[in-house]
Amino acid sequence: MTDQPDPPTSSSATKRVERGFETVLFNSRWLMAPFYFGLVISLLVLLYKFVVLLAELILHATLAKESDIILGVLSLIDVSLTGNLVLIVVFSGYENFVSRIDPRDHPDWPEWMTKVDFAGLKQKLLASIVAISAIQVLKAFMNLDTGYDTTKLAWLVGIHLVFVVSTLIMALSDRWGGHGSNDKGGH
């Protein structure tokens, strides 16, 4: 009797189909890459808006009141924080969901960028949203003397508080769930 391979069984055929399906699922992560590229394009749009706001601030600085200057600077900070938020999503999203980025060829690579896990990403996103929301509330307070709608101000404060409470609850749930120590990144 010669050693002949066993005929393929339905179990091995099922395994091949399963392996093929898993390969398709795994490679589907690359469908996210265009989303991250689109977010990089949105950074260019934010840069354009930042430059326009900065030019307006500079051009009107000599005639502007102190509160107008502060509001202009807050607008610049707002756009800057939004840009930071986009960068956090691009780098940590790509790293967590698409492919690793090798920082060895980039000597000025921020240490935290390749160390933010999904729980850390959520925290950084929520913290940025709270900061952006706080700036909107501060802008509204700065405009109170110009007849700002107090109902709108109440809504801004209420929404800001919802963001703050949501962020605290998320941080506590991550800590209680044991995910708080996974974010080895810095800021």
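Residues numbered from 1 in each chain as written. Predicted model: local features only at pLDDT ≥ 70, side-chain atom pairs only at ≥ 80, totals over all residues. Heavy atoms only, no water.

## Re the pattern of salt bridges
To be explicit about the condition: For this document, the term salt bridge refers to a Lys or Arg side-chain nitrogen within 4 Å of an Asp or Glu carboxyl oxygen. Put simply, DSSP marks the helices as runs of H or I at least four residues long and the strands as runs of E at least two long, and each gets a number from the N terminus on. Buried means the residue's accessible area, taken with a 1.4 Å probe over protein chains only, is under 20% of the maximum for its type, while exposed means over 50%, and partly exposed covers the values in between.
Here the structure, examined in full by the defined rule, presents 2 salt bridges. Among the ionic pairs, Lys15 bridges to Glu18, the shortest N-O distance being 3.8 Å. Taken together, the positions of Lys15 and Glu18, both in helix α1 (residues 10–27) and 3 residues apart, correspond to about one turn of that helix. Between Asp78 and Lys139 there is a salt bridge; the shortest N-O distance is 3.7 Å. Placement of the pair is Asp78 in helix α3 (residues 66–97) and Lys139 in helix α4 (residues 118–142), with a sequence separation of 61 residues. Like Lys139, Asp78 is buried.

## Some remarks on the nonpolar core
What counts, and what does not: By convention a nonpolar core is built from buried Ala, Val, Leu, Ile, Met, Phe, Trp, Tyr and Cys residues, the set being connected through side-chain atoms within 4.5 Å. Between two residues, a contact is recorded if the distance between any of their heavy atoms is within 4.5 Å.
With 9 residues, the main nonpolar core is built from Tyr36, Leu46, Leu53, Leu57, Leu76, Val79, Val86, Val90 and Val98. Among the secondary structure elements, those contributing two or more residues to this core are α2 (33–60) and α3. Each residue touching Val90, except ones within four places of it in the same chain, is listed here: Tyr36, Leu39 and Val40.

## As for the packing of α2 against α3
Short version of the rule: Here, axes are lines fitted to C-alpha atoms. For helices the fit covers the stretch in contact, and angles between N-to-C directions go from 0 to 180 degrees. For classification purposes, angles smaller than 35 degrees are called roughly parallel, those larger than 145 roughly antiparallel, those between 65 and 115 roughly perpendicular, and all remaining angles oblique. The crossing is said to be left-handed when, going from far helix to near helix, the turn is anticlockwise and less than a right angle, and right-handed when the turn is clockwise. Side-chain classes are defined by residue name, with Ala, Val, Leu, Ile, Met, Phe, Trp, Tyr, Cys and Pro counting as nonpolar, Asp, Glu, Lys and Arg as charged, and the others, Gly among them, as polar.
Taken N-terminus to C-terminus, the directions of α2 and α3 make an angle of 170°; their axes are 10 Å apart at the nearest point. When the axes of α2 and α3 are compared, the pair comes out roughly antiparallel. Like other packed secondary-structure pairs, α2 and α3 cross with a definite hand, here left-handed. Looking at the contact of α2 with α3 residue by residue, the classes come out as 19 nonpolar, 6 polar and 1 charged.

## Description of a nonpolar patch on the surface
This is how the line gets drawn: Patch membership needs two things, relative accessible area over 30% and no salt bridge, and members are linked within 9 Å if like-charged or within 5 Å if nonpolar (Val, Leu, Ile, Met, Phe, Trp, Tyr). Note on areas: Shrake-Rupley, 1.4 Å probe, and residue coverage restricted to the protein chains presented here.
On the surface, Phe37, Val40, Ile41, Leu44, Leu47 and Val51 cluster together into a nonpolar patch covering about 560 Å² of accessible area. Among the secondary structure elements, Phe37 is positioned in helix α2.

## As for the packing of α4 against helix α5 (residues 150–176)
The contact between α4 and α5 brings their axes to 9 Å, and the two run at 160°. Comparing their axes, α5 and α4 come out roughly antiparallel. The handedness of the crossing between α4 and α5 comes out as left-handed. Every residue of α5 that contacts α4 at Ala119, Lys122, Gln123, Leu126, Ile129, Val130, Ser133, Ala134, Gln136, Val137, Ala140 and Phe141 is listed here: Leu153, Leu156, Val157, His160, Phe163, Val164, Thr167, Met170, Ala171 and Asp174. Taken together, the residues of the contact of α4 with α5 break down into 15 nonpolar, 5 polar and 2 charged.

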